[in-house]
Amino acid sequence: MNVKNIAEQALKKGLTCVILTPHFHKNVSDETASLYTDTNEDILLQLRQEVDKVNSEFKDDLTVLLSTEADILDTNGITALKISKKAEDALDLVTPTVNYHPLLPLKAVEVTYGRCIAEIHSSGVYDAFAKKIGGVDKVLETLYETEVNAIINSPYPSILGHFFAAHSYAVGEYNWFGASSKHLRIMDEGADKIIDACVKTGTMIDLTGIHCGSSGYDKKQNDDGFFYDYQKRFIQKCINNNVLIFPGSDAHGLIAVGDIGYYRQKLYWGN
């Protein structure tokens, strides 16, 4: 997964641009380390050197941009925007991203390696925490508020990271933040606010969340029900408002670079 190998894999897939988004190492409070501590500033500076070298070598065929996946942790969006001067020097843009809900205590998500997914839903722990902060309605409303604030407040060029991840739905199992068809009004209203914020700021949206291929998701999981319809409406709204969207691969391995198979198979993409 060095930059040159990624670039070569991207060219094989017919891509002309690659955005690298390693997780950013930061503190979520004065006492608590981030769930993601795999990337520090020195690594970002090293990647900057590699990116510049690869861009020089592949300049006629491919552009590599360096971003960082910065978790949004509060309703002001401030934590995601605390990028140090050293990191600023290394990065082309930032990628504010929701990997767990800002109102849920950190302890609630450690069980699942930073994500409110299968284990935490199956155990009932998520439901208990959600009820404490006002239920799923409040969870979703705060989710969108957080993303809007991060978009509006960002002093950097930004891409909203894997937007659909917060709603990813496995039929008969779980949804990250507990949404169901009865929450579609809140979801659609939240989507409108996200799109409005992107229009005002020129922010792009990475739709990845089904992790098509990189996490082995089966497209059938999203072929049924409210979430599939929600995706179609959201994509169409983005197109209507000239908001730039793309189905990022969220590749965590070389083979998944450029893997957007789920979207390629869908008639609504690009139509």
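Residues numbered from 1 in each chain as written. Predicted model: local features only at pLDDT ≥ 70, side-chain atom pairs only at ≥ 80, totals over all residues. Heavy atoms only, no water.

Q: Tell me what's going on with the environment of Leu11, and back it up with residues and numbers.
A: Along the polypeptide, Leu11 turns up in helix H1 (residues 3-12). For Leu11, a relative accessible area of 30% corresponds to the partly exposed category. Taking the C-alpha atoms as reference, Leu11 lies 9.2 Å from Gly258; in sequence the two are 247 residues apart. Leu11 has contacts with Phe58, Asp61 and Leu62, leaving out every residue within four places of it along the chain. (Helix = DSSP H or I, 4+ residues; strand = E, 2+ residues; numbered from the N terminus. Buried < 20%, exposed > 50% of the residue type's maximum accessible area, 1.4 Å probe, protein only. Contact = heavy atoms within 4.5 Å.)

Q: So what about the packing of H1 against helix H2 (residues 41-57)? Which residues, and what values?
A: In contact at an axis separation of 9 Å, H1 and H2 are set at 40 degrees when each is read in the N-to-C sense. Between H1 and H2, the interaxial angle falls into the category oblique. Handedness of the H1/H2 crossing: right-handed. On H2, the residues that touch Val3, Lys4 and Ala7 of H1 are Leu47, Glu50, Val51, Val54 and Glu57. Its residues placed into classes, the contact of H1 with H2 shows five nonpolar, no polar and three charged. (Axes fitted to C-alpha atoms, helices over the stretch in contact; angles between N-to-C directions. Parallel < 35°, antiparallel > 145°, perpendicular 65-115°, else oblique. Left-handed = near helix turned anticlockwise from the far one by under 90°. Nonpolar A, V, L, I, M, F, W, Y, C, P; charged D, E, K, R; others polar.)

Q: Talk me through the pattern of salt bridges; I want residue IDs and the actual numbers.
A: The full count for this structure, using the stated rule, is eight salt bridges. Its salt-bridge partner being Asp92, residue Arg48 comes within 3.1 Å of it at the nearest N-O pair. Here Asp92 lies in the loop between helix H3 (85-90) and strand S4 (95-97) and Arg48 lies in helix H2, a separation of 44 residues in the sequence. With a relative accessible area of 13%, Arg48 lands in the buried category. Judged by relative accessible area, Asp92 falls into the partly exposed class, the value being 32%. Here Lys237 makes a salt bridge to Asp192, at a shortest N to O gap of 3.0 Å. You can see Lys237 sitting in helix H9 (residues 225-240) and its partner Asp192 sitting in helix H8 (residues 184-201), a full 45 residues away along the chain. Residue classification places Lys237 among the partly exposed positions, given a relative accessible area of 21%. (Salt bridge = Lys/Arg side-chain N within 4 Å of Asp/Glu carboxyl O.)

Q: Tell me about the nonpolar core, residues and numbers included.
A: One broad rule of soluble globular proteins: the nonpolar side chains tend to lie buried together. Membership of the largest hydrophobic core comes to 34 residues, with the highest contact counts inside it found for Leu140, Phe163, Ile194, Ile205, Tyr230 and Phe234. If you list the elements that add at least two residues to this core, you get helix H6 (125-132), helix H7 (135-153), H8 and H9. When residues in this core are grouped by element, the largest group, eight residues, is from H7. Not counting residues up to four positions away in its chain, the partners in contact with Phe163 are Tyr144, Glu147, Ile194, Ile205, Asp206, Leu207, Thr208, Tyr230 and Phe234. Among the nonpolar cores identified, the runner-up in size contains 22 residues, and Leu20, Phe24, Leu47 and Ile83 belong to it. (Core = buried A, V, L, I, M, F, W, Y, C linked by side-chain atoms within 4.5 Å.)

Read these as spatial facts, not as claims about activity.
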